[in-house]
Amino acid sequence: NEIWFAGGTVEDNRGVIPHLTYSTKVANAAIEAAKQADIKSLMETVWGDNGGECSLFATLPAIMHYSYTARGISQERLEKEFQALTGYDYNEYMRLEEAQTFGQYTEDLGNPSKYGLYNDVFLGYADTTINSEDKKYFTKAKQAIAHLRKGQYGYVFESAYDLNQVLELKYDMGIRLRKAYQEKDKEELQNCADDLLKIIGLLEKFIISYRKQWLKENKPNGLEVQEIRLGGLKERLAGCRERLIAYVNGEIEEIPELDEKLLPQAISRTRAGNRLDLFSHEAIASVGAFDGFTEVDV
């Protein structure tokens, strides 16, 4: 029987933002191995694990790279024809990934844009690995794609832009809260409460643009997964803010979650830049979240 090799873009499991450079590096190795094994037929796959969070069209550079590389077509021609076919500069489109790679970590997989979004601001499952200074990368990622929010795939960049706006404020919120709470700094806790309200507003904006993206590319089926996840996040942020204000106003005496010591050893699969690689069940909740298992641990 004819043998086929099926490669894959790295977007499934990891969230809304794809890993484009890593996908091209994997493709280069896979295509060379296929040639050595004299396999003539290849296909590229885009999976939808964990709810199919990532836009199919966010992976266009990796898909075209796979096709052109398999055919021995030059990178120069790829970039020229990518521009002609899509209306976007190839290298600018690739910068969509920077919310995951921080613009530099392309040798492995890490999904800070996913766990940064869902990491609980009180429970802080991922906070032991988060560096507050790294939130600047979401600002840089947002700025890199701001001008791409037009054209036939402008909606992809619009939702990514809105996600980065959430992350540049939320990413280290748990760290700020825990530090201020343990130092009994109620002024900073009030600042955090004010920022939580801003985050909720930005999250609402992201939900709107993400819903638009989903309905443009997919059947409505499956959107309920995303709306339940994001809606649950929104409600959790509102609940945390309500309790935080009650503490600041002296209506309650403690926030037990912020008293707990976080354990770095509870987290594995740490990647370059101290980023993590978490599935949805690990990123979204503390109850039932477990570590040490992944179908692809690379």
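Residues numbered from 1 in each chain as written. Predicted model: local features only at pLDDT ≥ 70, side-chain atom pairs only at ≥ 80, totals over all residues. Heavy atoms only, no water.

Let us now look at the side chain of Asp 108. With respect to the helices and strands, Asp 108 occurs in the loop between α6 (98–101) and α7 (112–118). A distance of 2.9 Å separates a polar side-chain atom of Asp 108 from the backbone nitrogen of Ala 272. Not counting chain neighbours up to four residues away, the residues in contact with Asp 108 comprise His 19, Tyr 22, Arg 271, Ala 272 and Arg 275. (Helix = DSSP H or I, 4+ residues; strand = E, 2+ residues; numbered from the N terminus. Polar contact = N/O pair within 3.5 Å; in protein donor to acceptor, adjacent residues only side chain to side chain. Contact = heavy atoms within 4.5 Å.)

Moving on to the pattern of salt bridges. In total, this model carries 22 salt bridges according to the counting rule given. The residue Glu 168 makes a salt bridge to Lys 142 at a minimum N-O spacing of 2.9 Å. With Glu 168 in helix α9 (residues 154–170) and Lys 142 in helix α8 (residues 136–145), the pair connects residues that are 26 residues apart, well separated along the chain. The same class applies to Glu 168 and to Lys 142, which are both buried. (Salt bridge = Lys/Arg side-chain N within 4 Å of Asp/Glu carboxyl O. Buried < 20%, exposed > 50% of the residue type's maximum accessible area, 1.4 Å probe, protein only.)

Let us look at helix α3 (residues 60–70). For α3, the set of buried residues is Leu 60, Pro 61, Ala 62, Met 64, His 65, Tyr 66 and Tyr 68. In the core, the buried residues of α3 are packed alongside β1 (4–8), α1 (20–36), β2 (41–45), α4 (75–86) and α5 (90–94).

Moving on, we come to the environment of Ile 245. In this fold, Ile 245 is placed in helix α12 (residues 223–248). On the basis of relative accessible area, Ile 245 is assigned to the partly exposed category, the value being 23%. The spatial distance from the C-alpha of Ile 245 to the C-alpha of Gln 190 is 7.0 Å, given a sequence separation of 55 residues.

The subject of this paragraph is the packing of aromatic side chains. Within the structure shown, the criterion is met by 14 aromatic pairs. Each ring, one from Phe 102 and one from Tyr 171, has its centre 6.5 Å from the other, and the planes form 90 degrees; the classification is edge-to-face. Separated by 69 residues along the polypeptide, Phe 102 in the loop between α6 and α7 and Tyr 171 in the loop between α9 and α10 (173–182) bring together distant segments of the chain. Taking the relative accessible area as the measure of exposure, Phe 102 reaches 4% and is therefore buried. (Phe/Tyr/Trp six-rings, centres within 6.5 Å; stacked < 30°, edge-to-face > 60°.)

These results come straight from atomic positions and should not be treated as a statement about function.
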